[in-house]
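Per-entry structural report
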Amino acid sequence: MTNESLPDLLPLPVAHLHILMALATGDKHGYAIMQEVEVLTEGAVTMGPGTLYGAVKKMLKAGLVEESDERPDPELDDERRRYYRITGLGGRVLEAEISRMEQLARTARARQVIATRRPGV
């Protein structure tokens, strides 16, 4: 996939964005991804297993994430867990989505959409 096709993957669904953010710091199994999302969002987002694994399935198909063969010591881990990692494409898509969101925030500030809160809003 070329950089020209990155816009075809944007905007990312919110769950995909959170999962890619969680995986940006390293391989994680599903439960660890859910915990990391909660930490990254300061508790504002809690992702259930249905949302997580539905999103992961789509992200695997799109090539944004892949299953990891690297595993922790079996004595420290449950062998049934599947670990996931962000792919090169997933990293590029995450960067593009963050850039897109930054541009949106700059535009909102320039138009004073988010500069002040209006009474009753």
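Check the entry above for the structure.
Our subject in this report is the structure included herewith. (Residues numbered from 1 in each chain as written. Predicted model: local features only at pLDDT ≥ 70, side-chain atom pairs only at ≥ 80, totals over all residues. Heavy atoms only, no water.)

Things to note about the sheet that holds strand β2 (residues 65–67)
Spatial ordering of the open sheet is given by β1-β3-β2, a layout of three strands whose pairing is antiparallel. What marks the edges here is a single partner per strand, and that holds for β1 (28–29) and β2. In this structure, β1 lies alongside strand β3 (residues 83–86), joined through two bridges in antiparallel fashion. Bridge pairing links histidine 29 to tyrosine 83 in β3. (Pairing = 2+ DSSP bridges. Helix = DSSP H or I, 4+ residues; strand = E, 2+ residues; numbered from the N terminus.)

Looking at the side chain of histidine 16
Topologically, histidine 16 is positioned in helix α1 (residues 14–23). You can call histidine 16 buried: its relative accessible area is 10%. In this view, histidine 16 contacts Ala55, Lys58 and Met59; residues no more than four positions away in its chain are not counted. (Buried < 20%, exposed > 50% of the residue type's maximum accessible area, 1.4 Å probe, protein only. Contact = heavy atoms within 4.5 Å.)

A closer look at the nonpolar core
Judged by nonpolar contacts, the single largest core of 22 residues is most densely connected at Ile19, Leu20, Ile33, Met47, Leu52, Met59 and Leu64. When residues of this core are assigned to their parent elements, the largest contribution, six residues, is made by α1. Sequence-distant contacts of methionine 47, defined by excluding residues within four places in its chain, comprise Ala15, His18, Ile19, Met34, Val37 and Leu52. (Core = buried A, V, L, I, M, F, W, Y, C linked by side-chain atoms within 4.5 Å.)

Some details on the pattern of salt bridges
Across all of its chains, the model carries four salt bridges by this definition. One salt bridge connects glutamate 66 with arginine 85, and the closest N-O pair in it is separated by 3.6 Å. Taken together, the residues span a long stretch of sequence, with glutamate 66 in strand β2 and arginine 85 in strand β3 at a distance of 19 residues. Residue classification places glutamate 66 among the partly exposed residues on the basis of a relative accessible area of 34%. Arginine 100 is paired through a salt bridge with glutamate 97; the nearest N and O atoms lie 2.8 Å apart. Pair noted here: arginine 100 and glutamate 97 are both in helix α4 (residues 88–110), with a separation of three residues, about one helical turn. Looking at glutamate 97, the relative accessible area reads 2%, which means it is buried. Overlapping salt bridges, with partners in common, bring together Asp27, Glu66 and Arg85 in one network. (Salt bridge = Lys/Arg side-chain N within 4 Å of Asp/Glu carboxyl O.)

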